[in-house]
Amino acid sequence: MQPDLKAGKNRRRALALSLGLFLFAVYLFTYRGGFHSIDEVAMYAVTENMAKLGRFNIDQIAWIQWTTSQSEAQGFFGKDDHVYSKKGLALSLAQAPLYWLALHLPGIGMLQTVSLLNAWVIAATGLLIFMFLHRLKFSTLTALVTALTFGLATIAAVYAKYLFSEPLAGFLLLLAAYMLFAYRQEGGLRHIALAGLAAGFAVVARANNLFVLPVFGLYLSWVVWRGLDWQFGQSAQQQMGGAANPQGNPSTIFPFPLSPLLSPLSVFILAMAIPGAILLGYNAVRSGNPLQTGYDLTLFSPNILLGLYKLLFSPLRGLFAYSPILLLSVPGWWFLRKTRPAEAWLMAGLVGVTIGLFSAWSSGEGLSWGSRFLVPVIPFFGLSLAPIVAKGVEARAQVWRFTFYALLPLSVFIQFLGLAINPWVFLARLQKDFGGEFFLENTAALYNFRYSQIVGQLETWSLTNSDVVWWQPGGFDGLAFGLSLGLLVFSGWFLWRQMVNNQRPTTNDQRPATVETVSRPGPTTTLFPIPYSLPPVTLLLCCLAPLLLCYLLLTRYYRTDQQFGPPNDAYTRALYTAAANKAAGDQIVTVAQNHYHVPMNRFKAKIPLIGLARQTWPPPQTALSLLSHATAGPNVWLVTIGFQPAAPDNAAERWLAANVFKAGDEWLDESVRLVRFATQKPKIIRPLKITLGNEEIQLVEVVLLEALRPGQALPVEFIWLPLAQPQTDYNLFLQLLAADGALAAQHDNPPNGGYSPTSTWQPGRPVIVRHALPLPPDLTPGDYRLITGLYHPTTGERLSIVGGSDFIDLGFITVER
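Residues numbered from 1 in each chain as written. Predicted model: local features only at pLDDT ≥ 70, side-chain atom pairs only at ≥ 80, totals over all residues. Heavy atoms only, no water.

Draft legend 1. Seen up close, the overall build of the protein chain. When helices and strands are counted, the protein chain shows 28 helices and 20 strands. Within the span of the protein chain, comprising 817 residues, buried residues form 57% of the whole. In the protein chain, the share of contacts with a sequence separation of at least 24, taken over all contacts with a separation of at least 6, comes to 75%. (Helix = DSSP H or I, 4+ residues; strand = E, 2+ residues; numbered from the N terminus. Buried < 20%, exposed > 50% of the residue type's maximum accessible area, 1.4 Å probe, protein only. Contact = heavy atoms within 4.5 Å.)

Draft legend 2. Layout of the packing of aromatic side chains. One pass over the full model with this rule turns up 40 aromatic pairs. An aromatic cluster of at least three residues, connected via ring pairs, comprises Phe29, Trp470, Trp471, Phe476 and Phe481. Taking NZ or CZ as reference, Arg673 lies 5.7 Å from the ring centre of Trp667, over its face. (Phe/Tyr/Trp six-rings, centres within 6.5 Å; stacked < 30°, edge-to-face > 60°. Lys NZ or Arg CZ within 6 Å of the ring centre and 35° of its normal.)

Draft legend 3. Expanded view of the environment of Gln762. With respect to the helices, strands and loops of the structure, Gln762 is situated in the loop between strand E17 (743–749) and strand E18 (767–774). Among the residues examined, Gln762 registers a relative accessible area of 40% and is labelled partly exposed. It is 8.4 Å that separates the C-alpha atoms of Gln762 and Leu723, two residues lying 39 residues apart in sequence. Excluding anything up to four places from it in sequence, Gln762 contacts Pro722 and Gln725. A polar side-chain atom of Gln762 sits 3.3 Å from the main-chain carbonyl oxygen of Thr760. (Polar contact = N/O pair within 3.5 Å; in protein donor to acceptor, adjacent residues only side chain to side chain.)

Draft legend 4. Quick peek at the side chain of Thr146. Along the chain, Thr146 turns up in helix H7 (residues 140–153). Residues within four places of Thr146 in sequence aside, it is in contact with Ile129, Leu133, Gly382, Leu385, Ala386 and Val389.

Draft legend 5. Geometry of the sheet that holds E17. As summarised here, the arrangement of the 5 strands in space is E14-E20-E19-E16-E17, forming an open sheet in which the pairing is mixed. For this open sheet the edge positions go to strand E14 (707–708) and E17, each flanked by a neighbour on one side alone. Across 6 bridges, strand E16 (residues 731–737) lies against E17 in antiparallel orientation. The partner of Leu736 across the bridge, within E17, is Ala745. (Pairing = 2+ DSSP bridges.)

Draft legend 6. The nonpolar core, seen in detail. Within the largest apolar cluster, 184 residues are counted, with the highest numbers of intra-cluster contacts made by Phe216 and Phe380. In terms of residue count, the dominant contributor to this core is helix H9 (residues 166–186) (14 residues). Ignoring any residue separated from it by four or fewer positions in sequence, one finds Phe216 in contact with Leu173, Ala176, Ala177, Leu180, Ala199, Phe268, Leu346 and Leu350. Core analysis: the next-biggest nonpolar cluster, separate from the first, contains 32 residues, Leu705, Leu786, Ile801 and Ile813 among them. (Core = buried A, V, L, I, M, F, W, Y, C linked by side-chain atoms within 4.5 Å.)

Draft legend 7. The arrangement of helix H19 (residues 378–394) in detail. Along its 17 residues, H19 runs 23 Å from first to last C-alpha, staying within 8% of the 24 Å computed at 1.5 Å per residue. Along its length, H19 shows its largest kink, about 35 degrees, at Ile388. Positive phi shows up at Arg396, right after H19, with a value of about 60 degrees. (Expected span 1.5 Å × (residues − 1). Bend = angle between axes of the 7 residues up to and from the residue.)

Draft legend 8. Molecular detail of the pattern of salt bridges. Evaluated as defined, the whole model comprises 22 salt bridges. Across the salt bridge formed by Asp39 and Lys87, the nearest N and O atoms sit 2.8 Å from each other. Pair noted here: Asp39 is in helix H2 (residues 38–53) and Lys87 is in the loop between strand E2 (83–85) and helix H4 (90–104), with a separation of 48 residues, a long-range link. You can call Lys87 buried: its relative accessible area is 12%. Across the pair Asp809 and Arg785 runs a salt bridge, and its minimum N-O distance is 3.2 Å. (Salt bridge = Lys/Arg side-chain N within 4 Å of Asp/Glu carboxyl O.)

Draft legend 9. Looking closely at helix H11 (residues 213–226). When the terminal C-alpha atoms of H11 are compared, their 20 Å separation across 14 residues agrees well with the 20 Å that a helix rising 1.5 Å per residue should span. Listing the buried residues of H11 in full gives Leu213, Val215, Phe216, Gly217, Tyr219, Leu220 and Val223. Structurally, H11 contributes buried residues whose contacts are with H9, helix H10 (189–205), helix H14 (264–287) and helix H18 (341–359). Gly227, located one to two residues past H11, shows a positive phi value of around 105 degrees.

Draft legend 10. Summary view of a nonpolar patch on the surface. A surface patch of nonpolar side chains, about 420 Å² in accessible area, is lined by Phe413, Phe416, Leu458 and Trp461. For Trp461, the location among the structural elements is in the loop between helix H22 (453–459) and strand E5 (471–472). (Patch = residues over 30% accessible without salt bridge, like charges linked within 9 Å, V, L, I, M, F, W, Y side chains within 5 Å. Areas by Shrake-Rupley, 256 points an atom, 1.4 Å probe, with all protein chains shown as cover.)

Draft legend 11. Structural context of the side chain of Glu48. For Glu48, the position within the fold is in helix H2. There is no salt bridge for the buried Glu48, and the closest opposite charge comes from Lys52, which lies 4.2 Å off by N-O distance. Within the structure, the side chain of Glu48 is placed 2.7 Å from the side chain of Gln60, a separation counted as a polar contact. When residues no more than four places from it in sequence are discounted, the contact partners of Glu48 are Leu53, Gln60, Tyr99, Pro599 and Met600. (Lys, Arg positive; Asp, Glu negative; His and termini not counted.)

Draft legend 12. A look at the packing of H7 against H19. With their axes 8 Å apart at the nearest point, H7 and H19 run at an angle of 130 degrees to one another. Comparing their axes, H19 and H7 come out oblique. Crossing of H7 against H19: the hand is right-handed. Judged by residue contacts, Leu141, Thr142, Val145, Thr146, Thr149 and Phe150 of H7 engage Ile378, Pro379, Gly382, Leu385, Ala386, Val389, Ala390, Val393 and Glu394 from H19. (Axes fitted to C-alpha atoms, helices over the stretch in contact; angles between N-to-C directions. Parallel < 35°, antiparallel > 145°, perpendicular 65-115°, else oblique. Left-handed = near helix turned anticlockwise from the far one by under 90°.)

Draft legend 13. Spatial organisation of unusual backbone geometry. Geometrically, the link from Trp617 to Pro618 is a cis peptide bond, its omega value of 0 degrees lying close to zero. Non-glycine residue Lys137 carries a positive phi angle of around 70 degrees. For Lys137, the position within the fold is in the loop between helix H6 (117–135) and H7. Of the residues examined, Lys137 reaches a relative accessible area of 35% and is grouped as partly exposed. You will see that Asn752, though not glycine, has its phi angle at about 50 degrees, which is positive. Within the secondary structure, Asn752 sits in the loop between E17 and E18.

Draft legend 14. Layout of the environment of Asn448. Note that Asn448 resides in the loop between helix H21 (423–433) and H22. We classify Asn448 as partly exposed; its relative accessible area is 34%. Put simply, Asn448 and Leu316 are 132 residues apart on the chain and 8.3 Å apart in space, counted from C-alpha to C-alpha. In this structure the side chain of Asn448 is engaged in a polar contact, spanning 2.9 Å, whose partner is the backbone nitrogen of Arg450.

Draft legend 15. Expanded view of the packing of helix H17 (residues 329–339) against H18. Where H17 contacts H18, the two axes come as close as 6 Å, and the packing angle between them is 140 degrees. When the interaxial angle is binned, H17 and H18 end up oblique. Contacts between H17 and H18 involve Trp333, Leu336, Arg337, Lys338 and Thr339 from the first element and Pro341, Ala344, Trp345, Met347 and Ala348 from the second. Tallied by class, the residues present in the contact of H17 with H18 amount to 7 nonpolar, 1 polar and 2 charged. (Nonpolar A, V, L, I, M, F, W, Y, C, P; charged D, E, K, R; others polar.)

Draft legend 16. Highlighting the confidence of the model for the protein chain. For the protein chain, the mean per-residue pLDDT works out to 88, and 88% of the residues sit at or above 70. The low-confidence segment residues 231–257, where pLDDT is below 50, has 45 contacts with residues more than four positions distant or belonging to other chains. Contacts of residues 506–533 to residues separated by more than four positions or lying in other chains number 51 contacts, the stretch itself having pLDDT below 50. (pLDDT = per-residue confidence, 0-100.)

Draft legend 17. Layout of the pairing of E16. Counting buried positions over the 7 residues of E16 gives 7, a clear majority of the element. Side chains of E16 alternate between two faces, with Asn731, Phe733, Gln735 and Leu737 and Leu732, Leu734 and Leu736 buried alike. Pairing of E16 with strand E19 (residues 782–791) involves 7 bridges; the strand directions are antiparallel. Residue pairing in the sheet places Gln735 in a bridge with Ile787 of E19.

And the structure:
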């Protein structure tokens, strides 16, 4: 390669790197670091269980199955009775490295770290747009302005702060198109293989992308049929000095016979088969059916025109309403079609199939800024802007110049509104105004701009509704603001420097605009090349600065972000207490559905969580199945927030109290409780028939264990027979006494955790009560005496055995080494 050509390429690579860094700095400056939608929670939950436990279920947020309607629920019950996400797997896989990193680094939260993912993805998409346009022979300035317009003036900017799968799907679709075009220019089956992988993983990200695969197939078929172009309009034969090949016979392109397995289409299909196999396997794990995703595929409407209006023009979702600059993509595509018809029709096919599909989709989009469904094709709208940018910015065509510069600041301002204020605030108000209509799809919000989120952001503008982490009601975080702004300023300076550097002329840049240089790109062209021409110190700083600043900001947000509360809050302490005392196989059941984000950000212990909802008795069978799964280990740890013991709307605790053995109940603060249940079944039956009180209650039998180790819980099953109607709700005590009579362990509690109060016992009807005694972990091995009894909870007075003491001797228990 000629030195000046190599220098020009290196400068463009440096410019591409600086572009991506700048876009990321913008998104980091507007970062929030948390959930906005339950869709995000469902996909994140898959990542959490994969990275921590090697599982694919989302049992930790099982409550979503009962707190929303079935059509709105984010999961479904699989073949093994566990809950699985309906969402695609690709985003969860992409999140896993960041989650794993945060899991093992001290002082940062997993959710806050993973929340950076789409900032990187959108920034990488802008970088790829720049590279794609350069391959399409647009000038460096046009490519740069177009990429910045995509990254700052379209709805993609807002989605950089959400954990939705659409940005990743858009990047993968763009990567597939880029690689197919690179194959057309350079050949090389590696490009096709990468295109197939990208297209396949786009389907893994969102199953609807299955419908766009034929578009890629048609484009590749056309390229193979026509023949490869080393440069615009020139075949390989022309590059080698031979005659043109109008028929595009592949045999003239490849100097050796191709095996059918190595033909371009075969390589593309085989590459797609890899993510396809992952998707089929994931479906099989979830539902037992490789073709079942969990979605209801009947949610289609024949009213396609209404759907088209909703997606493109409505004040509720309209793409052009929320990104006015993209109106110029329509004439831009027309101009692009004249110079690059195949690529223009490839983009049109991808966009058209996606818009057509979701125009017929009758379900709503939930939280979205503009149309979330169209985010994957925004990069192709962005590419189509390039001819208008070239005419308006470089050729200075007055009409296009004026239109572009009029729509650009308006579009940037609209995205600023979406970035600065949480859109859920206004959407929640609309839902209330329209009677709880969740998706707002059949309301006046679809037609009246008075209900547009753009207007709503202005109406809800306040510090209370801020959606940037460094300025919250708790105060202004000057340090976080300064660090974020510092990276933004540095990256802006670096981008400007590289842009100026690219204006330096080289031999390759000085060619006349009307003459194409016939030169096949060399084999060194790569997807994300490193700008070796940069000074080593600058290169190192550019690579390390954003990573270092991200880590510093994450450590600060971990301590200061009020949405998670203080780092050592009672809920977190309860979870870690359970984790510190767990045995192999133990699980934690939580009934704290409004606090799910706290453990998702802070709880790093590797113990399964099952998150259940506030439910009255009887709970649904699906909840009972999950509770049954929770009893697989020696203990079940229950963490509740806002429940008193024996609460009637805490069906999970009631089931556990009746089916396993309550061993402890600890308050961490005024609302958080940690309850321990032992699950080991007792085996030794000891008949007793001992009467307590004034012939009021008789203990007929106990079932227990005779030997166990320190730290374990001793389960005891009591069978009581009321002889008369008890008038008092007594407490049950269980004590372990040493040989000298000293108290070694004790646990008092109402029968079955208070769900079987003695005043409700019916004479003549046996009552089974399950109770456990936790042994101290440092208990000295040996033989201990076990006693039990009932007492009045207010006075502490015990019920005496008729004609005897005030306790029942259950015999000796051996504590083993």
